[in-house]
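Coordinate analysis (summary)
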Amino acid sequence: MTDQLSRVFAALADPTRRDMVVRLTEADHTVSDLAAPYDVSLQAVSKHLKVLQEAGLVTRSRDAQRRPVHLEAEVFDLMTKWIERYRRQAEERFSRLDAVMARLQDTETEAIPQSQEGTAS
Amino acid sequence: MTTIQNPQTRYPEAAILADEHVPAVHIWRDFDATPQQLMRAHTDPDLFVQWIGPDSLTTHIDHWDCRTLGSYRYVAARDGEEYAFRGTFPSVGEDRIVQTFTWEGMPDAVALETLTFEDLGEGRTRLHAFSLCDSFEGRDAMLSSGMDVGLREGYAKLDRLLTGGSL
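Worth saying up front: this structure is predicted, and the values here are computed from it rather than measured.

What chain A contains, in helices and strands, is 5 helices and 2 strands. In chain A, the succession of helices and strands from N to C terminus is α-α-α-α-β-β-α. Of all 121 residues assigned to chain A, the portion counted as buried reaches 23%. Considering only contacts in chain A between residues 6 or more positions apart, those separated by 24 or more positions represent 49%.

Across its full length, chain B carries 4 helices and 9 strands. A burial count over chain B gives 21% of its 167 residues as buried. Considering only contacts in chain B between residues 6 or more positions apart, those separated by 24 or more positions represent 31%.

Now for helix H2 (residues 15–26) of chain A. The periodicity of an α-helix, 3.6 residues per turn, causes residues three or four places apart in sequence to face the same way. Residue and element names in this part refer to chain A. In a regular helix each residue adds 1.5 Å, so 12 residues correspond to 16 Å; H2 covers 18 Å between its end C-alpha atoms and thus fits that length. All buried positions along H2 are accounted for by Arg17, Met20 and Leu24. Each buried residue of H2 sits inside an arc of 55° when the element is viewed along its axis, so together they form one side. In H2, the exposed positions that point more than 90 degrees away from the buried face belong to Pro15, Arg18, Val22, Thr25 and Glu26.

For the rest of this paragraph, the subject is the pairing of strand E3 (residues 58–64) of chain B. For a regular strand, side-chain orientation follows a simple rule: the groups alternate between the two sheet faces. Residue and element names in this part refer to chain B. Burial within E3 is sparse, with just 0 of its 7 residues counted as buried. Pairing analysis gives 6 bridges linking E3 to strand E4 (residues 70–78), with the strands arranged antiparallel. By the bridge assignment, Trp64 is partnered in E4 with Tyr72. The antiparallel hairpin formed by E3 and E4 contains 5 residues in its connecting segment, where Leu69 sits at a positive phi of about 75°.

Our next topic: the nonpolar core. Core analysis: the largest hydrophobic core is formed by 43 residues, its most contacted members being Val8 and Leu57 of chain A together with Leu38 of chain B. No other element matches the 9 residues that helix H5 (residues 73–111) of chain A contributes to this core. Excluding anything up to four places from it in sequence, Leu57 of chain A contacts Val8, Ala11, Val21, Leu52, Leu71, Glu72, Val75 and Phe76 of chain A.

Residue and element names in this part refer to chain A. At a minimum axis separation of 10 Å, H2 and helix H4 (residues 42–54) run at an interaxial angle of 70°. For the element pair H2 / H4, the angle class is roughly perpendicular. Along its contact with H2, which presents Thr16, Arg17 and Met20, the element H4 presents His48, Val51 and Leu52.

In terms of backbone geometry, most residues other than glycine have negative phi values and most peptide bonds are trans. The backbone of Arg67 of chain A sits at a positive phi, close to 45°, despite the residue not being glycine. In this fold, Arg67 of chain A is placed in the loop between strand E1 (58–60) and strand E2 (69–71). Classification of Arg67 of chain A as partly exposed rests on a count of 13 C-beta atoms within 10 Å. One non-glycine residue, Glu122 of chain B, lies in the positive phi region at around 55°.

Moving on, we come to the confidence of the model for chain B. Residue and element names in this part refer to chain B. The pLDDT averaged across chain B works out to 83; a share of 81% of its residues lies at or above 70. Predicted confidence in chain B is weakest over helix H4 (residues 149–163), with a mean pLDDT of 46, and strongest over strand E6 (residues 91–92), with 98. The model gives residues 146–155 a pLDDT under 50, and that stretch makes 12 contacts with residues more than four places away or in other chains. On the interface metric, ipTM, the complex scores 0.79, and its pTM is 0.70.

Let's shift gears to H4 of chain A. In this model H4 of chain A runs 18 Å from its N-terminal to its C-terminal C-alpha over 13 residues, within 8% of the 18 Å that 1.5 Å per residue would give. Among the residues trailing H4 of chain A, Gly56 of chain A stands out with phi positive, at a value near 80°.

Turning next to the environment of Arg86 of chain B. Residue and element names in this part refer to chain B. Assignment of secondary structure puts Arg86 in strand E5 (residues 81–89). We classify Arg86 as partly exposed; it has 18 C-beta atoms within 10 Å. Sequence-wise, Arg86 and Pro107 are 21 residues apart; in three dimensions their C-alpha atoms are separated by 9.1 Å. Contact partners of Arg86, with chain neighbours within four places excluded, come to Tyr72, Arg73, Thr102 and Glu104.

Below, the discussion takes up the pairing of E4 of chain B. Residues and elements named next belong to chain B. The pairing of E4 with E5 spans 9 bridges and is classified as antiparallel. Bridge pairing in E5 links Tyr72 to Gly87. Counted between consecutive antiparallel strands, the loop separating E4 from E5 contains 2 residues, among which Asp79 sits at a positive phi close to 45°.

The next subject is the environment of Arg73 of chain B. Residue and element names in this part refer to chain B. With respect to the element layout, Arg73 can be found in strand E4. Residue classification places Arg73 among the partly exposed residues on the basis of 15 C-beta atoms within 10 Å. Each C-alpha atom, one on Arg73 and one on Trp103, is 9.8 Å from the other, the two residues being 30 residues apart in sequence. Sequence-distant contacts of Arg73, defined by excluding residues within four places in its chain, comprise Asp62, His63, Ala84 and Arg86.

Basis of the calculations
- Residues numbered from 1 in each chain as written.
- Chains lettered and ligands numbered in written order.
- Predicted model: local features only at pLDDT ≥ 70, side-chain atom pairs only at ≥ 80, totals over all residues.
- Helix = DSSP H or I, 4+ residues; strand = E, 2+ residues; numbered from the N terminus.
- Buried ≥ 20, exposed ≤ 12 C-beta atoms within 10 Å, placed from the backbone.
- Contact = placed C-beta atoms within 7 Å.
- Expected span 1.5 Å × (residues − 1).
- Arc of directions from axis to C-beta.
- Pairing = 2+ DSSP bridges.
- Core = buried A, V, L, I, M, F, W, Y, C linked by C-beta atoms within 7 Å.
- Axes fitted to C-alpha atoms, helices over the stretch in contact; angles between N-to-C directions.
- Parallel < 35°, antiparallel > 145°, perpendicular 65-115°, else oblique.
- pLDDT = per-residue confidence, 0-100.

And the structure:
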């Protein structure tokens, strides 16, 4: 299972693929639609799509002739939720560090009454 | 490492990136403090223990020798549950700390963390934490928050999604 998870993280780590995913959140697109804004070959776009497909992030319908690319929003949401939770935990830690920094600066200001930060006050 | 950064980017809140090429996580965060002050908060155990958290746990330092070739161990506890973390410091410089990091619940999984404090001027500093794990599996376990039960639920849910035939 973690192999799958790794593939999703790897798929989303690339800026072009992230951009493709963002566009797919709005609507399904054909491969040529998806490729249009990028200055890369259709093969390169297909390669990116293959990575997204193997990660389970996108699917392509078999029946329709245009075979539009469809975002599997549930998988995408799950991944972003996990990363967001990890980020939030880091942010909580850094907020506490902010408070420690503020206290440290107060102590330093008290300890060194002669200011070294410019002349105006 | 191909981390393209826009020089205009500011990180008033933590930003995170799972690396594509190696099993690593990047975190960036800007502080209203000098690199020296941030170094102190990371190297002085009395300051470190005040913020490492999490809030729901009480952390105490068991061993602390934060200098090149030193080591550390601290324990976070709540209602008799204890989570111990330990590691060594391969290198402690003026604005950079390299340390290994291990949760004793999985003692074989050793991460290598590099913390860099970049002076942004005007009393502001950017912290960049680069955590390199020994496998993508380990990195992803860390990202999905190791000891939390939410992880198991998350895996179970993803399992269901992936084996449900819809993908």
